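Listed below, chain by chain, are the residues.
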Amino acid sequence: MEVGKEADFVVLDLHATPLMQARMNNAHNLFEQLFVLMMLGDDRVVAETYVYGNCLHRKNA
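Report on the accompanying structure.

Definitions and limits used
Residues numbered from 1 in each chain as written. Predicted model: local features only at pLDDT ≥ 70, side-chain atom pairs only at ≥ 80, totals over all residues. Heavy atoms only, no water. Helix = DSSP H or I, 4+ residues; strand = E, 2+ residues; numbered from the N terminus. Buried < 20%, exposed > 50% of the residue type's maximum accessible area, 1.4 Å probe, protein only. Pairing = 2+ DSSP bridges. Patch = residues over 30% accessible without salt bridge, like charges linked within 9 Å, V, L, I, M, F, W, Y side chains within 5 Å. Areas by Shrake-Rupley, 256 points an atom, 1.4 Å probe, with all protein chains shown as cover. Salt bridge = Lys/Arg side-chain N within 4 Å of Asp/Glu carboxyl O. Axes fitted to C-alpha atoms, helices over the stretch in contact; angles between N-to-C directions. Polar contact = N/O pair within 3.5 Å; in protein donor to acceptor, adjacent residues only side chain to side chain. Contact = heavy atoms within 4.5 Å. Phe/Tyr/Trp six-rings, centres within 6.5 Å; stacked < 30°, edge-to-face > 60°.

With respect to the element layout, E32 can be found in helix α2 (residues 30-40). Overall, the relative accessible area of 25% leaves E32 in the partly exposed class.

Summarising the sheet, strand β1 (residues 9-12) and strand β2 (residues 46-51) pair through 4 bridges and their orientation is antiparallel. When the bridges of β2 are listed, V11 appears paired with E48. Taking the residues that link successive antiparallel strands as the turn, the β2-strand β3 (residues 54-58) hairpin has 2 residues, and the phi of Y52 there is positive, at about 55°.

So, on to a nonpolar patch on the surface. A surface patch of nonpolar side chains, about 350 Å² in accessible area, is lined by F35, M38 and M39. Positionally, M39 belongs in helix α2.

A separate point is the sheet that holds β2. Pairing is antiparallel in the open sheet, where 3 strands are placed in the order β1-β2-β3. The open sheet terminates on both sides in strands that have one partner only, identified here as β1 and β3. On average, adjacent strands in this sheet sit at an angle of 20° to one another, irrespective of strand direction.

A word on the side chain of E48. Take E48: it is sitting in strand β2. At 2.8 Å, the side chain of E48 and the side chain of Y50 are in polar contact. Not counting the four nearest positions on each side in its chain, E48 is found in contact with F9, V10, V11, H57 and R58.

How two aromatic rings sit relative to each other is set out by the distance from centre to centre and by the angle between their planes. Enumeration according to the criterion identifies 1 aromatic pair in this entry. Ring plane angle 15° and centroid distance 4.7 Å describe the contact between F9 and Y50, whose orientation is recorded as stacked. Of the two residues, F9 sits in strand β1 while Y50 sits in strand β2, which places them 41 residues apart along the sequence. Residue classification places Y50 among the buried residues on the basis of a relative accessible area of 15%.

Printed below as a string of structure tokens:
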């Protein structure tokens, strides 16, 4: 990461729950993975949150 660059983003855990893990293991493409996130995702999916390139939240931290 370069100094002076802005970046706000989240890192998602695609295997956050046992049900998501089972379904992701059978997802064959990006569209199926996104469908799993839309249908089964909740706050447990967010692994890390960055604002202006700084980590403000880290799961289990």
